[in-house]
Amino acid sequence: MKLAQRVQRIKPSPTIAAAAKARALKAQGVDICDLTVGEPDLDTPDFIKEAAMQALREGYTKYTDARGMEPLRKAICEKLERDNGLHYTPDQIVASCGAKHALFNAFQALIDPGEQVLIPAPYWVSYPDMVLVCDGEPVIIPTTEETGFKPTPKQIADAITDRTRVLLINSPCNPTGAVWERELLEEIAEIVLKHENLFVISDEVYECLVYDGRKHVSIASLSERIKERTIVVNALSKTFAMTGWRLGYAAAPKPIADAMAKIQSQSTTNPTTFVQVAAIKALREPGDFPQKMLELYDFRRHMIVTALNNIDGVRCRMPEGAFYAFANFQEAIDLKGFKDDYELCDFLLEKAHVATVAGSAFGAPGYLRLSFATSEDTLQEAARRIKEALWGDRH
Ligand SMILES: Cc1ncc(COP(=O)(O)O)c(C=O)c1O
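Residues numbered from 1 in each chain as written. Predicted model: local features only at pLDDT ≥ 70, side-chain atom pairs only at ≥ 80, totals over all residues. Heavy atoms only, no water.

**Student:** I would appreciate a short explanation of the overall build of the protein in the present structure.
**Tutor:** The secondary structure content of the protein amounts to 15 helices and 13 strands. Computed over its C-alpha atoms, the radius of gyration of the protein comes to 21 Å, within 12% of the 21 Å expected for a compact globule of 395 residues. Along the longest, intermediate and shortest principal axes, the C-alpha atoms of the protein span 65 × 55 × 55 Å. Across the 395 residues of the protein, 58% fall into the buried class. Look at the contacts in the protein between residues 6 or more apart in sequence, and 74% of them connect residues 24 or more apart. Roughly 16,700 Å² of accessible area belongs to the protein as shown, and the carbon and sulfur atoms make up 52% of that amount. Considering the protein, the positive charge centre built from 46 side chains and the negative charge centre built from 54 side chains are found 3 Å apart. (Helix = DSSP H or I, 4+ residues; strand = E, 2+ residues; numbered from the N terminus. Rg over C-alpha atoms; globule rule 2.2 N^0.38 Å. Buried < 20%, exposed > 50% of the residue type's maximum accessible area, 1.4 Å probe, protein only. Contact = heavy atoms within 4.5 Å. Areas by Shrake-Rupley, 256 points an atom, 1.4 Å probe, with all protein chains shown as cover. Lys, Arg positive; Asp, Glu negative; His and termini not counted. Charge placed at Lys NZ, Arg CZ, Asp CG, Glu CD.)

**Student:** Teacher, can you tell me more about helix α14 (residues 341-352) here?
**Tutor:** For an α-helix, 3.6 residues make a turn, and residues three or four places apart therefore share a direction. Along α14, the positions that sit buried rather than exposed are D341, L344, C345, F347, L348, L349 and A352. Along its buried surface, α14 packs onto α2 (14-27), α13 (330-336), β11 (354-355), β12 (357-358), β13 (367-371) and α15 (376-391). Regarding α14, its N-cap is D340, as a side-chain oxygen of that residue lies 3.1 Å from the backbone nitrogen of Y342 further along. One or two positions beyond α14, positive phi appears at H353, with a value near 55 degrees. (Polar contact = N/O pair within 3.5 Å; in protein donor to acceptor, adjacent residues only side chain to side chain.)

**Student:** What is the right way to look at the pattern of salt bridges in this model?
**Tutor:** For the structure shown, the criterion picks out 31 salt bridges. The partner of D129 in a salt bridge is K11, with the nearest N and O atoms 2.7 Å apart. Within this pair, whereas D129 is found in helix α6 (residues 126-133), its partner K11 is found in the loop between α1 (5-9) and α2, the two being separated by 118 residues in sequence. By relative accessible area, D129 is classed as buried at 9%. Its relative accessible area of 44% is what places K11 among the partly exposed residues. The closest approach of N and O atoms between R315 and E145, which form a salt bridge, is 3.1 Å. Here E145 lies in the loop between β4 (137-142) and α7 (153-159) and R315 lies in strand β9 (residues 315-316), a separation of 170 residues in the sequence. Its relative accessible area of 14% is what places E145 among the buried residues. Here the salt bridges do not stand alone but share partners, grouping D31, E381, R384 and R385 into one network. (Salt bridge = Lys/Arg side-chain N within 4 Å of Asp/Glu carboxyl O.)

**Student:** I would appreciate a short explanation of a nonpolar patch on the surface in the present structure.
**Tutor:** A contiguous nonpolar surface patch, about 380 Å² in accessible area, is contributed by M1, L3 and V7. Its location among the elements puts M1 in the segment before α1. Residue classification places M1 among the exposed positions, given a relative accessible area of 95%. (Patch = residues over 30% accessible without salt bridge, like charges linked within 9 Å, V, L, I, M, F, W, Y side chains within 5 Å.)

**Student:** Please explain the pairing of strand β3 (residues 116-121) as it appears in this structure.
**Tutor:** As a general feature of sheets, a regular strand has side chains that alternate between the two faces. For β3, a buried count of six out of six residues is recorded, marking the element as mostly surrounded by other parts of the structure. Burial of β3 is two-sided: the residues Q116, L118 and P120 facing one way and the residues V117, I119 and A121 facing the other way are all buried. Where β3 lies against β4, six bridges are found, and the strand directions are parallel. From the neighbouring strand, Q116 faces β4, where its bridge partner is E137. With α6 bridging β3 and its parallel neighbour β4, the resulting β-α-β unit is right-handed. Note that β3 and strand β5 (residues 164-170) share three bridges and pair parallel. In the strand pairing of β5, V117 is matched with V166. (Pairing = 2+ DSSP bridges. Right-handed = clockwise from strand over helix to strand, strands pointing away.)

Encoded structure:
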């Protein structure tokens, strides 16, 4: 069957595929330790569920403005002011069906065929494919553990061409947990401002999960000039354990917000109406849920990183944010004679019944991503099984 070329340019999301594989084995009754999960294991807080149910009872069941109802966009502006020191007006906000949709709208609004998007690696799996769907060219900027998985300003400056339209920043980062410091962002902002057609898309969906007293800084908050060149993307998905509710948003200079809204008006229209009402409640009165989740995941972060570093041939740095351990398994791969991290990943799923995601999916061969948004028992058991599967003959 003939399908459009854009379909052939992209692949299905590898994280969703890995999770589906784990789910299929679980359905067959196999006891899987699933560390593929890209969402909090906690349930959405009751006060947000109540707000959604109340909204349904009150008849919030019709279309809204494609970019989201005005009270929601006001609540998003209040949140951005309170938490990020960012001043926006509601006409600069577009609420979408998750951050993924907001990112998609942003790429659609900015990229013409052949234009480039700079993506530091390791990167969240969807960025390159989203750019490809928009006929753009992803340009990968490799980073290493030695620089904390952050690019140097020089790397970014050197990668810019007259076709570069967007620099993508994802801090805290999925999969590495890297949190970009203010000084690094300041240097990058300087570089961006030297190129008049260059924009930053700043994906801040993990902003609530930053450990050890570090602070999340939005590049848009550094100056009015860089804010005029930035599209801030965020969502309620991770902060309030609302991944299935599909509510994200973008804050952007008005012409870009208008362009994104126009695209959205011709695709999904508005995000689900009663979800918008519940989101207003969550954004205005977040309560202590995000802080409690941070404390819980901080504990698990130490647990899994310590356990991984106790396995021969595995090295894992402490992530600064998000809920993933991004562990270097290269030595184990070499010692055991695996072809690559994909083969190791399959081996761990089949032999140890531990589901992980191969680093290659994130542009980082030799690594595995292990989510710690799961129970402490599962994490302990997963580490025990990995050790046993790799080195059982030795211990
Ligand atoms: C870095 C990053 N950005 C965006 C998303 C998508 O978020 P949402 O579920 O709100 O679409 C994810 C989800 O895993 C993510 O990890």
